[in-house]
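# Fold and contact review
Below are the chains, spelled out letter by letter.
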Amino acid sequence: MTENPAHTDLWPAPLATGAVDATVTVPGSKSVTNRALVLAALASEPGWLRRPLRSRDTLLMAEALRAMGVGIEETVSSSSGDADGPAGSGEAWRVIPARLRGPATVDVGNAGTVMRFLPPVASLADGPIRFDGDPRSYERPLHGVIDALRALGARIDDNERGALPLTVHGGGALEGGTVEIDASSSSQFVSALLLSGPRFNQGVEVRHVGSVLPSMPHIRMTVDMLRQAGAQVDTPESGGEPNVWRVSPSALLGRDVVIEPDLSNAAPFLAAALVTGGRVTVPDWPERTTQPGDALREIFTAMGGSCELTEAGLTFTGTGRIIGIDADLHEVGELTPVIAAVAALADSESTLRGIAHLRLHETDRLAALAKEINELGGDVTETEDGLHIRPRPLHGGVFHTYEDHRLATAAAVIGLAVDGVQVENVATTAKTLPDFPELWTGMLGTVAGAATAPRV
Ligand SMILES: O=C(O)C1=C[C@@H](OP(=O)(O)O)[C@@H](O)[C@H](O)C1
Ligand SMILES: C=C(OP(=O)(O)O)C(=O)O
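Under an unreviewed UniProt entry, the name given to the protein chain is 3-phosphoshikimate 1-carboxyvinyltransferase, and the organism recorded is Streptomyces telluris. Under Catalytic activity (unreviewed entry), UniProt gives the following word-for-word description of the protein chain: "3-phosphoshikimate + phosphoenolpyruvate = 5-O-(1-carboxyvinyl)-3-phosphoshikimate + phosphate". The heading Pathway (unreviewed entry) in the UniProt record of the protein chain holds the text "Metabolic intermediate biosynthesis; chorismate biosynthesis; chorismate from D-erythrose 4-phosphate and phosphoenolpyruvate: step 6/7."

See the structure below:
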């Protein structure tokens, strides 16, 4: 099982000495890749993922599906394609569904998508599937998925915490039906049940009964991708009851899916344009998307930049001025760390609301952001459901990242403007963006007179 080593590696965050002017090709979306893998594994015929994200979270998902019997072949196709291959060039994964079986062991790492999306898949397997992961995965909420699966007919051995590690004793099929859940701690509970829903005997009707529901765009992403795979899904938006989703039992199609760039991982690069008063273009930015990262266009525009979507992609331009914001981020919580970093460099205060559930992400993101920005001289306080950020002149120092990829990219953004920021364990970005340091220095290579903060 994955260890939690003590991380002492320090990465000197490069200081920008001028305005960035760069084009950054951002790798595929974690959320789209992992949904596409699950749907392809549950389909009744082989399918393709093109330009999948290759990162810790997606490799864990692929490995887990393989352990349950699914074939996943990694290929690099030529631009013309071939008889058995997908059209177009680049990396592609061929997914060959098979009868799901145990015994098998799944390492979820600290991937919310793996720990939540796969127990419903395991309930369809023949035999026991054991789930384990990083120490932090034991603390992340999973009860919504476990309780719901039990109510739908699954047999699960867990522990008194209702969390990992656990074993799903798959019986080869699941009855399914109607279930109530409280998904206020994670939208992934809803997505998890919907994704496997077509394969339950009666399909599934998920009724969210909690107070709030975070990350709605991610639920829309689940619904969209299910429909594209041939499933029938009724939603509140399609005339159904509020907070109720229904998936009818059906076969799923094997598809040829092109994975969009990860727009949440575009955040630090767009932030670089804002912070340095420069310009960054992200190619292949989709015209229409369910990804929450699309909201960056509006959020960063409100913070002082402007953007334009053209054939070349999304070009974001900063003016050199950064304005604080008062924003409810409950729909787009995963953008918070980079937005908080930009807010710490602004010329006015910011309040970020609606994100209490971030305390249960890769780390307690509200506590970590407040502590680390304050240790550089900042003035950030935690509120009941977010952060209040008063910009102060910051100084260099070590920015701890708590094995959280988004803490590391947030630190790099601050390091653009503050000399001597050292990012602990920048390699933690491998969760969703293994090439981050290279992409970052590549982007800065186009800054006139780019400097690197000295190693202390
Ligand atoms: O379904 C998904 O792919 C995700 C949903 C969100 O989870 P929460 O609703 O738990 O915040 C998001 O933060 C996470 O990064 C990815
Ligand atoms: C919350 C996140 O990840 P996970 O999929 O592990 O929940 C994230 O990527 O910001």
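### Examining the overall build of the protein chain
Each helix and strand in the protein chain was counted, giving 13 helices and 25 strands. Its C-alpha atoms give the protein chain a radius of gyration of 22 Å, within 12% of the compact-globule value 23 Å for 456 residues. Taking the principal axes of the C-alpha coordinates as reference, the protein chain spans close to 60 × 55 × 45 Å. Contacts spanning at least 24 positions in sequence make up 75% of the contacts within the protein chain whose residues lie at least 6 apart.

### Some words on the site of ligand 1
Around ligand 1 there are 13 residues in total, and S31, S186, S187, S215 and H218 lie nearest to it. Looking at the shell around ligand 1, the elements that each hand over two or more residues are α3 (112-122) and α6 (188-196). Split into classes, the residues belonging to the shell around ligand 1 amount to one nonpolar, eleven polar and one charged. When we break the shell around ligand 1 down by domain, the ones giving at least three residues each are domain 1 (10-27 + 261-452) and domain 2 (30-258).

### Details of the UniProt feature "binding site: phosphoenolpyruvate" (unreviewed entry) in the protein chain
If you check UniProt for "binding site: phosphoenolpyruvate" (unreviewed entry), the listed places come out as K30, G112, R140, Q188, R365, R406 and K431 in our numbering. Positionally, K30 belongs in helix α1 (residues 30-41). Since 27 C-beta atoms lie within 10 Å of it, K30 is described here as buried. Excluding residues that lie within four positions of it along the chain, K30 makes contacts with L53, S55, D57, T58, D262 and T432. With respect to the helices, strands and loops of the structure, R140 is situated in the loop between α4 (135-139) and α5 (143-151). You can call R140 buried: it has 22 C-beta atoms within 10 Å.

### A look at the nonpolar core
Counting 75 residues, the largest nonpolar core has L37, L39, L49, M68 and L194 as its most contacted members. For this core, the element with the highest residue contribution is α1, accounting for seven residues. Sequence-distant contacts of M68, that is, excluding residues within four places in its chain, are made with L100, R101, A104, A122, A125 and I129. If you look at the next biggest cluster of nonpolar residues, it comprises 74 residues, including A267, W285, I339 and L439.

### Structural notes on the site of ligand 2
With respect to spatial proximity, the complete set of residues near ligand 2 consists of A111, G112, T113, E334, H361, E362, R406 and T432. Here the residues of the shell around ligand 2 are counted per class, giving one nonpolar, four polar and three charged. In this structure, the shell around ligand 2 is formed jointly by two domains, domain 1 (10-27 + 261-452) and domain 2 (30-258), each of which donates at least three residues.

### Quick look at the domain arrangement of the protein chain
Per the domain assignment, the segments of the protein chain are domain 1 (10-27 + 261-452) and domain 2 (30-258). Taken together, the residues of the side of domain 1 that touches domain 2 sort by class into seven nonpolar, seven polar and five charged.

### Some points on the sheet that holds strand β12 (residues 204-208)
The four strands are arranged β11-β12-β14-β13 in an open sheet whose pairing can be described as mixed. What marks the edges here is a single partner per strand, and that holds for β11 (177-181) and β13 (233-234). For β11 and β12, the ladder comprises five bridges, and the chain directions are parallel. Opposite G177, over in β12, you have V204 as the bridge partner.

### Describing the UniProt feature "active site" (unreviewed entry) in the protein chain
Under the present numbering, the feature "active site" (unreviewed entry) in UniProt falls on E334. One can find E334 in the loop between β19 (326-328) and α10 (336-344). On the neighbour-count criterion, E334 (27 C-beta atoms within 10 Å) is buried. Leaving out residues up to four positions away in the same chain, E334 has contacts with S264, P292 and R406.

### Thoughts on the packing of α1 against helix α7 (residues 216-228)
Between α1 and α7, the least distance of the axes is 11 Å, while the angle of their chain directions is 35 degrees. Helix-helix and strand crossings are classified by hand; for α1 and α7 the assignment is right-handed. The residues of α7 that touch α1, namely those facing S31, V32, R35, A36 and L39, are H218, M221, T222 and M225. Looking at the contact of α1 with α7, its residues break down into five nonpolar, three polar and one charged.

### Remarks on the sheet that holds β19
Sheet strands line up and pair through hydrogen bonds in the backbone, either parallel or antiparallel. Pairing is mixed in the open sheet, where four strands are placed in the order β19-β20-β22-β21. Every interior strand has two partners, whereas the edge strands, β19 and β21 (379-383), have only one. Going from strand to strand, the sheet's axes swing by 10 degrees on average, the running direction of each strand aside. Where β19 lies against strand β20 (residues 350-353), three bridges are found, and the strand directions are parallel. Each bridged residue has a counterpart across the sheet, and for D326 the counterpart in β20 is T351. Sheet strands touched by helix α11 (residues 365-375): β21 and β22 (386-390). Its angle to β21, the strand with the most contacts, is close to 165 degrees.

### Focus on unusual backbone geometry
Peptide bonds are trans in most cases, and residues, glycine excluded, mostly fall at negative phi. The peptide bond linking G102 to P103 adopts the cis configuration, its omega dihedral lying at 0 degrees. For P103, the location among the structural elements is in the loop between β6 (90-96) and β7 (104-107). Look at N425: it is not a glycine, yet its phi comes out positive at around 50 degrees.

### So, the environment of A344
The residue A344 is located in helix α10 in this model. C-beta crowding within 10 Å serves as the criterion here: with 30 such atoms nearby, A344 is assigned to the buried category. Considered as a pair, A344 and I322 are 22 residues apart in the sequence and their alpha carbons are 9.6 Å apart. If we skip the residues at most four places from it in the chain, A344 touches I373, G378, V380, I389, P391, L394 and I414.

Here is what the cut-offs are and how they apply
Residues numbered from 1 in each chain as written. Chains lettered and ligands numbered in written order. Predicted model: local features only at pLDDT ≥ 70, side-chain atom pairs only at ≥ 80, totals over all residues. UniProt positions renumbered as here; feature names shortened; annotations may be inferred. Helix = DSSP H or I, 4+ residues; strand = E, 2+ residues; numbered from the N terminus. Rg over C-alpha atoms; globule rule 2.2 N^0.38 Å. Contact = placed C-beta atoms within 7 Å. Near = placed C-beta within 6 Å. Nonpolar A, V, L, I, M, F, W, Y, C, P; charged D, E, K, R; others polar. Domains from an automatic or database assignment. Buried ≥ 20, exposed ≤ 12 C-beta atoms within 10 Å, placed from the backbone. Core = buried A, V, L, I, M, F, W, Y, C linked by C-beta atoms within 7 Å. Pairing = 2+ DSSP bridges. Axes fitted to C-alpha atoms, helices over the stretch in contact; angles between N-to-C directions. Left-handed = near helix turned anticlockwise from the far one by under 90°.

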